[in-house]
Amino acid sequence: MDLSSAQFTSIFNFATEQGRTLVDLLYLNLWICLGFLVTVAGLLIFGIIKYRHRPGDGEPDQTEGSTTLEIIWTAIPLVIFLYLGWLTFSVMGIVYPPAGKRQPDITVIGHQFWWEYRYPKSGVVTANELYLPLGSDLMLEIRGADVIHSFWVPGFGQKMDAIPGHPNNLFLKPIREGLFLGQCAEYCGSQHSLMRIMANVVSPKEFEAWTKSQAKVPAPPTDKTALHGRELFMSRTCIQCHSIAGTCATAQVAPDLTHIADRKTIGAGVIANNLENLTEWIMDPQQFKPGSLMPNMRLTKSEAHDIAFYLENLK
Amino acid sequence: MTDAARPHQTFNWLADIPEYHGLWSWVSSIDHKQIGIMYILSALGFFLAGLTLALIMRIQLMVPMNHFVSQDAYNQIFTMHGTTMVFLVGMPLLFGFAVYLTPLMIGARDMAFPRLNAMGFWIFFFGALLLYFSFVGGGAPAAGWFSYAPLTEKGFLSNPGIDYWALSLLVMGIGSVATGINLITTVLTLRAPGMSLQRVPLFVWMILTTGILVALSLPALNAAIVMILFDRLLNTHFFSPAHGGSAILWQNYFWFFGHPEVYILILPGFGVVTEVIPVFSRKTLYGASFMAASTVAIGFLSFGVWMHHMFTTGLGFWTLYIFALSSLLIAVPTGVKVWTWLATMWGGSLRFTTAMLFATAFIIQFTIGGLSGVIQAVIPLDWQLTDSYFIVAHIHYVLLGGMLFAMISGIYYWYPKVTGRMLSERIGKWHFWLMVLGFNGTFLVMHLLGAFGMPRRVWTYPYGMPMVSAMNFFSTLSAFVLAFSIGLFFWNMAYSFIKGKIAGDNPWDAWTLEWACSSPPPPENFDRLPPVRSRRPLWDLTHPPEDSGRKPGGQL
Ligand code: HEM
Ligand SMILES: [Cu+2]
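Residues numbered from 1 in each chain as written. Chains lettered and ligands numbered in written order. Predicted model: local features only at pLDDT ≥ 70, side-chain atom pairs only at ≥ 80, totals over all residues. Heavy atoms only, no water.

Caption draft 1: A look at the overall build of chain B. Scanning chain B from N- to C-terminus turns up 15 helices and zero strands. Taken over the C-alpha trace, chain B has a radius of gyration of 23 Å; the compact-globule value for 556 residues is 24 Å, and the two agree within 12%. A buried classification covers 69% of the 556 residues belonging to chain B. Counting only contacts in chain B whose residues sit at least 6 apart along the sequence, the fraction spanning at least 24 positions is 80%. (Helix = DSSP H or I, 4+ residues; strand = E, 2+ residues; numbered from the N terminus. Rg over C-alpha atoms; globule rule 2.2 N^0.38 Å. Buried < 20%, exposed > 50% of the residue type's maximum accessible area, 1.4 Å probe, protein only. Contact = heavy atoms within 4.5 Å.)

Caption draft 2: Quick look at the coordination of the iron atom of ligand 1. Residues and elements named next belong to chain B. Protein coordination at the iron atom of ligand 1 comes from His81 (NE2) and His396 (NE2), with a distance range of 1.9 to 2.0 Å. Its six donor atoms give the iron atom of ligand 1 angles of 87 to 178 degrees at the centre, a pattern that matches the octahedral case. Highlighted residues: histidine 81 in helix α3 (residues 71-105) and histidine 396 in helix α12 (residues 389-419), separated in sequence by 315 residues. Assigned by exposure class, histidine 81 and histidine 396 land together as buried. (Donors = N, O, S within 2.8 Å, 3.2 Å for Na, K, Ca; no water. Tetrahedral: all angles 85-135°; square planar, octahedral: opposite > 155°, others 65-115°.)

Caption draft 3: Expanded view of the coordination of the copper ion (ligand 2). Residue and element names in this part refer to chain A. Taken together, the protein ligands of the copper ion (ligand 2) are His149 (ND1), Cys184 (SG), Cys188 (SG) and Met195 (SD), with distances of 2.1 to 2.7 Å. Here the copper ion (ligand 2) binds four donor atoms, and the angle range of 91 to 127 degrees at the metal identifies the geometry as tetrahedral. Each donor residue of the copper ion (ligand 2) belongs to the same chain, and together they define the spacing H-x34-C-x3-C-x6-M. Here cysteine 184 is found in the loop between β9 (178-183) and β10 (196-202), whereas its partner methionine 195 is found in the loop between β9 and β10, with eleven residues between them in sequence. Taken individually, cysteine 184 and methionine 195 each receive the classification buried, so the pair is uniform in this respect.

Caption draft 4: Inspection of the nonpolar core at higher detail. Counting 293 residues, the largest nonpolar core has Phe151, Phe233 and Leu311 of chain A together with Phe97, Trp250, Phe362 and Tyr413 of chain B as the members making the most contacts within it. Mapped onto the domain boundaries, this core takes at least three residues apiece from domain 1 (1-40 + 82-214) and domain 2 (224-311) of chain A. Look past the residues within four positions of phenylalanine 233 of chain A in its chain and what remains in contact with it is Cys238, Ile239, His242, Ile244, Ala249, Leu257, Ile307, Tyr310 and Leu311 of chain A. In terms of nonpolar packing, the next biggest core, distinct from the first, is built from five residues, Leu3, Ala6, Leu179 and Leu181 of chain A among them. (Core = buried A, V, L, I, M, F, W, Y, C linked by side-chain atoms within 4.5 Å. Domains from an automatic or database assignment.)

Caption draft 5: Seen up close, the side chain of lysine 337 of chain B. All names here are of chain B. When you line up the elements, lysine 337 lands in helix α9 (residues 317-345). For the buried lysine 337, no salt bridge is present, and the opposite-charge side chain at shortest range is glutamate 275, 11 Å distant. Every residue in contact with lysine 337, bar those within four places of it in the chain, is listed here: Met206, Phe270, Met291, Ser294, Thr295 and Ile298. (Lys, Arg positive; Asp, Glu negative; His and termini not counted. Salt bridge = Lys/Arg side-chain N within 4 Å of Asp/Glu carboxyl O.)

Caption draft 6: Highlighting the site of ligand 1. All names here are of chain B. In the region of ligand 1, 24 residues are neighbours, and Tyr74, His81, Trp145, His396 and Arg457 sit closest. Note that an oxygen atom of ligand 1 is positioned 2.8 Å from one of the backbone N or O atoms of tryptophan 145. Here histidine 396 contributes a side-chain N or O atom positioned 2.7 Å from a nitrogen atom of ligand 1. Listed by contribution, the elements that provide at least two residues to the shell around ligand 1 are α2 (32-60), α3 and α12. Broken down by element, the shell around ligand 1 gets its largest block of residues, seven residues, from α12. (Near = heavy atom within 4 Å. Polar contact = N/O pair within 3.5 Å; in protein donor to acceptor, adjacent residues only side chain to side chain.)

Caption draft 7: Just unusual backbone geometry, in detail. Residues and elements named next belong to chain B. Residue proline 150 is bonded to the preceding alanine 149 through a cis peptide linkage, with omega at 0 degrees. As for its placement among the helices and strands, proline 150 is situated in the loop between α4 (114-133) and α5 (161-189). A cis amide bond links serine 519 to the next residue, proline 520, at an omega of -5 degrees. By secondary structure assignment, the location of proline 520 is in the loop between α14 (466-499) and α15 (537-542). Of note, methionine 65 is a non-glycine position whose phi angle comes to about 50 degrees, a positive value. One can find methionine 65 in the loop between α2 and α3.

Caption draft 8: Seen up close, the sheet that holds strand β4 (residues 129-133) of chain A. All names here are of chain A. Strand order across the open sheet formed by three strands is β4-β10-β9, with mixed pairing between neighbours. The open sheet has two edge strands, β4 and β9, and neither has a second partner. Within the sheet, the average angular offset between the axes of one strand and its neighbour, ignoring direction, is 25 degrees. With five bridges connecting them, β4 and β10 associate as parallel partners. Bridge pairing links leucine 132 to valine 201 in β10. (Pairing = 2+ DSSP bridges. Axes fitted to C-alpha atoms, helices over the stretch in contact; angles between N-to-C directions.)

Caption draft 9: Structural context of helix α13 (residues 425-451) of chain B. Residues and elements named next belong to chain B. In this model α13 runs 39 Å from its N-terminal to its C-terminal C-alpha over 27 residues, within 8% of the 39 Å that 1.5 Å per residue would give. At asparagine 440, α13 shows its largest bend, some 25 degrees. With 19 of 27 residues buried, α13 is to be regarded as a mostly interior element. You can read the cap of α13 off the contacts: a side-chain oxygen lies 3.3 Å from the backbone nitrogen of arginine 426, and it is on serine 424. In the stretch just after α13, glycine 453 is the one whose phi turns positive, near 90 degrees. (Expected span 1.5 Å × (residues − 1). Bend = angle between axes of the 7 residues up to and from the residue.)

Caption draft 10: A look at the packing of aromatic side chains. Residue and element names in this part refer to chain B. For the structure shown, the criterion picks out 78 aromatic pairs over all chains. A ring pair is formed by tryptophan 318 and tyrosine 321, whose centres lie 6.0 Å apart and whose planes are at 80 degrees; its orientation type is edge-to-face. Of this pair, tryptophan 318 and tyrosine 321 both sit in helix α9, separated by three residues, roughly a single helical turn. In this structure tryptophan 318 comes out as exposed when scored by relative accessible area, which is 54%. The buried category is assigned to tyrosine 321, whose relative accessible area is 11%. In this structure an aromatic cluster arises from ring pairing among Phe87, Trp145, Phe146, Tyr148, Trp165, Phe238, Phe239, Trp250, Phe254, Trp255 and Phe257. Seen from the ring of phenylalanine 146, arginine 457 lies directly overhead, with NZ or CZ sitting 4.2 Å from the centre. (Phe/Tyr/Trp six-rings, centres within 6.5 Å; stacked < 30°, edge-to-face > 60°. Lys NZ or Arg CZ within 6 Å of the ring centre and 35° of its normal.)

Caption draft 11: Molecular detail of the pattern of salt bridges. The full count for this structure, using the stated rule, is 14 salt bridges over all chains. Residue arginine 282 of chain B pairs with glutamate 59 of chain A through a salt bridge whose shortest N-O separation is 3.4 Å. In this pair, arginine 282 of chain B is assigned in the loop between α7 (247-281) and α8 (288-301) and glutamate 59 of chain A in the loop between α1 (17-51) and α2 (67-95), connecting two distinct chains. Bridged by salt links that share partners, the residues Glu59 of chain A together with Arg282 and Asp509 of chain B form one connected network.

Caption draft 12: Looking closely at a nonpolar patch on the surface. There is a patch of nonpolar side chains on the surface, built from Tyr27, Leu30, Trp31, Leu34 and Val38 of chain A and spanning about 530 Å² of accessible area. Positionally, tryptophan 31 of chain A belongs in helix α1. (Patch = residues over 30% accessible without salt bridge, like charges linked within 9 Å, V, L, I, M, F, W, Y side chains within 5 Å. Areas by Shrake-Rupley, 256 points an atom, 1.4 Å probe, with all protein chains shown as cover.)

Caption draft 13: Structural view of the interface of chain A and chain B. At the interface, 82 residues of chain A touch 96 residues of chain B. For the pair chain A and chain B, the summed buried surface comes to about 7800 Å²; carbon and sulfur atoms form 69% of the total. For the pair chain A and chain B, the number of links is 32 residue pairs in polar contact (both at pLDDT 80 or more). Among the secondary structure elements, those contributing two or more residues to the side of chain A that touches chain B are α1, α2 and β7 (160-162) of chain A. Among the residues making up the side of chain A that touches chain B, the classes are represented as 44 nonpolar, 27 polar and eleven charged. (Buried area = accessible area lost by both parts, 1.4 Å probe. Nonpolar A, V, L, I, M, F, W, Y, C, P; charged D, E, K, R; others polar.)

Caption draft 14: Structural context of the side chain of glutamate 303 of chain A. Residue and element names in this part refer to chain A. Within the secondary structure layout, glutamate 303 lies in helix α6 (residues 301-312). A polar atom in the side chain of glutamate 303 sits 2.9 Å from the backbone nitrogen of threonine 300. Sequence-distant contacts of glutamate 303, that is, excluding residues within four places in its chain, are made with Leu232 and Arg236.

Caption draft 15: α7 of chain B, seen in detail. Residues and elements named next belong to chain B. For α7, built from 35 residues, the straight-helix expectation of 51 Å at 1.5 Å per residue is met to within 8% by its first-to-last C-alpha distance of 51 Å. Taking the largest bend as the criterion, α7 deviates by roughly 30 degrees, centred on tryptophan 255. α7 sits mainly inside the fold: 30 of its 35 residues count as buried. Two or three places before isoleucine 248, at the start of α7, stands the capping residue serine 246, its side-chain oxygen 3.3 Å from that residue's backbone nitrogen. Immediately beyond the C-terminal end of α7, within one or two residues, lies arginine 282, with a positive phi of roughly 55 degrees.

Caption draft 16: The arrangement of the domain arrangement of chain A in detail. Residue and element names in this part refer to chain A. For chain A, the assigned domains are domain 1 (1-40 + 82-214) and domain 2 (224-311). Placing the centre of domain 1 and that of domain 2 at their C-alpha centroids yields a distance of 28 Å. Taken together, the contacts link 21 residues of domain 1 with 22 residues of domain 2. Regarding the contact of domain 1 and domain 2, the summed buried area is about 1800 Å², with carbon and sulfur atoms giving 50% of it. At the boundary of domain 1 with domain 2, the tally comes to zero salt bridges. For the pair domain 1 and domain 2, the number of links is 13 residue pairs in polar contact (both at pLDDT 80 or more). Every element with two or more residues in the side of domain 1 that touches domain 2 is listed here: β2 (114-119), β3 (124-127), β4, β10 and α3 (204-215). Grouping the constituent residues of the side of domain 1 that touches domain 2 by class yields nine nonpolar, eight polar and four charged.

Structure, rendered in structure tokens:
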């Protein structure tokens, strides 16, 4: 999948207030560590040059140590590290405030190899492609459905584990628009490596429009192919895993397909979403995403095409 | 055989010692030297296996969307690589050094419990084979070296890999506890006359601390493993949140063992470097009491930092904060060691043998690994960087650039003692420079890969990330340089065993007791011990205190 429209993925290319705070702290910490490293390496290299054995040297002086010096070199790092401890304390307070009674704006649920996003305030449910409004203070609730995953978009700052039975919170205030990439960071099984996150930060207006379009139930198909596709979808095993609002498909174990046509990718970012790819995916998801929990259901090409056609009309 | 029967018979080659002839003499041996050698040889063998697995991973990651191995194979491979390197290479290597050297360094005839010692080795050996048997016995484990629950539950990983992993670690864990207790007892009860605890070599100090950590931390792992086996085989639900268990519980158990474990792995390495650097600087260790005290401090603190592996699991503010502080604090005694090594070299007369070169590179590389640790003790940065390739870089700077470099330094240093032959210094220098190049080339860029968003344990990464692909490509090329240097090392060990120069009792002019017996040491170790009046008994023999008005070295 071509994700070249995305922003450069790097922790230094931050997109949230929190990300900025962390990068500032990182620079400071890097300088301190570099200071230590240069001191150690400098002393070592200087010592190597100066005290290298030369023919004719006798045994050197047997100095046993100097308590003053030893106390100094214990105390100086101690003070520096305590200073880092203080920084830890203050930055943690900023980026990880107590949640109190606050309700989450978005619930993120990690599933084996894909992400579910629920917007409790508007009732929108979607998968893999996250939309966030620029400039608002958001609290995400991070949950795990099966095993432990970890929600990590490097541009957003911190990652947070998605642990079954143990919801966590993540605080974000997006400050830049664009598409930011991330992926599951806690090894979660076979296809951990293709469990991507596509996070779109959009203007509040666009976000409003997006929410509206996602919240409405898509119109039932009228076209003949799409009707056939819907029939196949409802009669084959699809509905044991997927749900589509306004139909009898209500299962919760796989991505919600209500507005699948609005998504740019299929399979958590592995391929672009278009009729051809979707047909191929429905015929055999394993060819794009080996280890994925969607089985190959041995549909014929024309069946898969009709289902895909139906799905591509779900806007 | 008594001393009287064979008063002055010495050998200058390991293969000449009649007691060590034949396979049976090794299999049935309770001689700490044979057991030590067997530990080290198996560690080196498993190291080749772990290295092969690592190269497969690096080939897979060389270019984006590669299909050199399947994702399921990759997951088994990184799990087996990590488990191998920690439990089948790091542990036996340190036990090998410890059981070979400790009795010699304290002037003892053998370990306190020689039979327990043999049991420890064999239990390790068969436990290790059990782990590798999984490859043909239904699939290797695939949940990473720390096997997080609930992925390890039967419902998620149904092949027997995790069962093999658990059984094998349980068996090896029992052997390790036995060996740990054996080492503690040996150091506390079998020291030569005159060797007070202040006069034992620093290596022995570190082994004592390691033994205590082993004996106290491995039981936590063993207990947790029994629980995971119950979950898998008897359908209990200790770690299954879907049935009221807890996923975090496993992490607490594992890291309560796991963090002391990383100090268990590194402390003997510290010990080796602390012996090597003074000898090749021709100086007594600077600030020996601080060195000993900082070891004990690390031992204590290592039990109070385990949650720093769990900073992203959503702990409470104060829990997080306390563990951040303890993690920063543990860097202080570690720093003391670095300064001490530097100060020992300072003003010395440095001889850069291969052993010394490895010890020197160790200082820098370990410092880099320690500093990337300090970055992660600062919790907000850990939140960003943990579970990324930054961590893979960190692990390898401390374990490969640190622990393994130290152990290789130790092999160059003690090989003459063990075999009676010198390793080739010429091949050694090639080995050293290529290894430094290959190691840093492979792992330095990984810090950046982490910063560019590459999580650890990924089978592949997408197209369209030019920096990530370029760095992965470079890392893979360097890994082959690294592997080639390891090849030289093995060649050196094999070649020198046959063709190496005869070493003599004390080729480095060193001063701890193991150099007082012949090379290789006879089965009964010492005919006669020199008097122990300081930490450097052999130095005292040639430098009587009144000699030049200098103080005898190394007294606390
Ligand atoms: C000799 C060359 C080595 C190479 C090229 C190498 C390479 C790697 C790579 C690429 C990974 C990351 C796998 C992933 O996250 O997908 C890894 C993981 C690891 N390595 Fe190494 N490694 C080497 C030696 C060592 C040594 C000597 C040790 C320790 C003594 C070690 C311990 C580990 C551990 C503990 C992991 C983590 C495994 C896990 O995630 O479960 N490695 N290694
Ligand atoms: Cu995941």
